[in-house]
Amino acid sequence: MRFHLALTLQALWAGVCQAAMQHYPAAWGHYDVCKSQVYSDEGLTWDYMACQPEAADMTQYLKVTLDPPNITCGDPPETYCALENPYMCNNECDATTDELAHPPELMFDTEGRNPTTFWQSTSWKKYPKALLVNITLSWNKTIELTDDIVLTFESGRPEQMVLEKSLDYGRSWQPYQFYATDCLDAFTMEPKTVQDLTQHTLLDIICTEDYSRGYVWKNDKTVRFEIKDRFALFAGPRLHNMASLYGQLDTTKNLRDFFTITDLRIRLLRPATGATMVDENNLSRYFYAISDIKVQGRCKCNLHANSCVYDKEKLSCECEHNTTGPDCGRCKKSYQGRAWSAGSYLPIPKGTANTCIPSNIGPVIRQNVSSLGVANRKEVAPQVALSTAPSVHVANSKRARVCDNELLRCQNGGVCVNNVRCSCTSDYSGLLCENHRCESELGGCGGPDSGQAPLTPPSLPGLLLLLLLGPALLRDASCWPALL
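Position numbers for residues start from 1 in each chain and track the written sequence from start to end. Given that this is a predicted model, residues contribute local features only at a pLDDT of at least 70 and side-chain atom pairs are listed and counted only at 80 or more, while totals for whole chains, interfaces and linings are drawn from all residues. Note that water and hydrogens are dropped before the side-chain values are worked out from all heavy atoms of the structure.

(A) Region of interest: the sheet that holds strand β15 (residues 289-294). An order of β7-β15-β9-β13 is seen for the 4 strands of this open sheet, with the pairing classed as antiparallel. Each of the sheet's edge strands pairs with one partner strand only, and the pair in question is β7 (119-120) and β13 (222-225). In the sheet, strand β9 (residues 149-153) pairs with β15 via 4 bridges, with the strands oriented antiparallel. When the sheet's bridge partners are listed, threonine 152 is paired in β15 with aspartate 292. At least two DSSP bridges between two strands are needed for those strands to be called paired. Where helices and strands are cited, they refer to DSSP runs of H or I of at least four residues and of E of at least two residues respectively, numbered from the N terminus.

(B) How the structure looks around the pattern of salt bridges. Any Lys or Arg side-chain nitrogen found within 4 Å of a carboxyl oxygen on Asp or Glu counts as a salt bridge. Scanning the entire structure with this criterion turns up 14 salt bridges. Of the charged contacts, one joins aspartate 279 and arginine 285 as a salt bridge, the two residues approaching to 3.5 Å between their closest N and O atoms. Any residue under 20% of the maximum accessible area for its type is buried, any over 50% is exposed, and the rest in between are partly exposed; the area is computed with a 1.4 Å probe on protein chains only. Look at aspartate 279 and you get partly exposed, because its relative accessible area is 24%. Among the residues examined, arginine 285 registers a relative accessible area of 13% and is labelled buried. Within the structure, one salt-bridge network assembled from shared partners comprises Glu164, Arg265 and Arg267.

(C) Quick look at the side chain of glutamine 52. Here glutamine 52 shows up in the loop between β2 (43-48) and β3 (56-57). Taking the relative accessible area as the measure of exposure, glutamine 52 reaches 3% and is therefore buried. The term polar contact refers here to a pair of N or O atoms within 3.5 Å; inside protein, the definition further demands a hydrogen-donor-capable atom paired with an acceptor-capable atom, and it admits residues adjacent in sequence only when both atoms are side-chain atoms. Within the local environment of glutamine 52, its side chain forms a polar contact with the side chain of tyrosine 345, the two groups lying 2.8 Å apart. Setting aside chain neighbours within four positions, we find glutamine 52 in contact with His30, Tyr31, Asp32, Tyr246, Arg298, Leu303, Ala305, Asn306 and Tyr345. Residues are treated as being in contact if the distance between any of their heavy atoms lies within 4.5 Å.

(D) Geometry of the confidence of the model for the chain. Here the chain averages 79 in pLDDT, and 72% of its residues register 70 or above. Between residues 1-28, whose pLDDT stays under 50, and residues either more than four places distant or in other chains, the model counts 23 contacts. Segment residues 362-380 is flagged for pLDDT under 50; beyond a separation of four residues in sequence, or across chains, it makes 64 contacts in the model. The predictor reports its confidence for every residue as pLDDT, a score running from 0 up to 100.

(E) Structural view of the state of the cysteines. Any two cysteine sulfur atoms within 2.5 Å of one another count as a disulfide. By the definition in use, this model includes 8 disulfides. With its sulfur 1.9 Å from that of its partner, cysteine 81 forms a disulfide with cysteine 89. Measuring handedness by torsion sign, the sulfur bridge of cysteine 81 and cysteine 89 sits at about 95° and is right-handed. When its relative accessible area of 6% is taken as the criterion, cysteine 81 is described as buried. The disulfide partner of cysteine 301 is cysteine 317, and the gap between their sulfur atoms is 2.0 Å. Classification of the bridge connecting cysteine 301 and cysteine 317 rests on its S-S torsion, roughly -90°, and on that basis the disulfide is left-handed. With cysteine 301 in the loop between β16 (296-299) and β17 (308-311) and cysteine 317 in strand β18 (residues 314-317), this pair connects stretches of sequence that are 16 residues apart.

(F) View of empty space enclosed by the protein. The pocket and cavity definitions rest on a 1 Å grid over protein atoms only: a 1.4 Å probe that fits but cannot leave marks a cavity, an open set with protein on both sides within 12 Å along at least five of seven lines marks a pocket, and residues lining either have an atom within 4 Å of a point. Grid points are joined across faces, edges and corners, and a volume is the space filled by probe spheres set on the points. Scanning the entire structure with this criterion turns up 2 cavities of 30 Å³ or more. Roughly 40 Å³ of internal volume is contained in the second largest cavity. Leu83, Ser155, Gly156, Ala272, Arg285 and Phe287 are the residues that line the second largest cavity. Under the convention adopted here, Pro, Cys and the residues Ala, Val, Leu, Ile, Met, Phe, Trp and Tyr are nonpolar, Asp, Glu, Lys and Arg are charged, and Gly plus all remaining residues are polar. Counted by class, the lining of the second largest cavity contains 3 nonpolar, 2 polar and 1 charged residues.

Next comes the structure, spelled out in structure tokens:
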């Protein structure tokens, strides 16, 4: 009897622990729920949370443009030679024949075919004039990158290349990274790798030689812009501490903007030659060919939407929290009771929704905490002073200020006044309006008027489990809250 009771209690304990451990990491890692119904002293109300769409393959939503427009091979038909063997000239490109055409859309089709499909440029027949190609990827929507950008070259990787980004739909451009076999010679920049970056220099624009050496070997086909390695500077090598990264993204606007784009541009400046000298007698060996481009990301919705729809060749957020606009960047017409603010990742696990409230209420009227989607903001991430990099404007860390609504945003509906202080609503206090005012009141935030649920004693079944399971509890204290 005692043996069966022990087995039953073990199974119950495993279920309790599993439920507790499954809920929290999944919740704070994804921010995939914008609101849920909860019971409070006032009955059934909405609990609003920060939310964002799931990451996806963004190449299925882009428009690709090539400059010059006639740079794709096949018009007129042309025969190419292999870079590693100038006498093997059996690669024909003909735009009028499907089997021999290499249009730009083949950079984004399904991989794994045999033979591999790819886009290909004309050959370097106008040497010594540079063979220059711009490949522009446009989304007509603000995108947040979540994984490495990966280009796979079917021919040799280019000896000189620049990856650029735009945040204003292609009106202006700034470099993401330079690539060359010799960075000093090509761009007068010291060669570096992403491993040379630190938290303070993450925004630096570097030139790397890692992806330009070698020209046809199977393992040397890809060129990367390392997003995850940059994330790891805050989240750890296995991205296990995403809370730290979210905290920095939350409070440092330029850091978040660094991973945000509307367009990407690949500037191909010099094709692979495989040697120090160009063979002018066989220029059909030199060209660009790309078989695959990977761009993983999500629609930027300012943490006010968990889905993004593609309709009439355009992406747009399905906004929640009484917000509207392509990026949920403003309050709805009847919900302008306080200034619009982006949602916040903090505090973990639900973040802060910063919902827009009805215009006839105003920002100073006390609201139920759960109905506004606002939580105790103790987890304000420490600021990391970021270096000023070319084309990337970073605030001078020595400049004395409390807020500026860009790098240091007032939280929970607070308004920045003259870069000196945050003017908080009646419910909040603190340097950035991060603390609920009830924390400093008599009785704290568990009082009857605080809007937060008071602490309750553990239930009788919970106490019985505590007594019977003794040693197991000491080994796994993370499950205690689930019993109470």
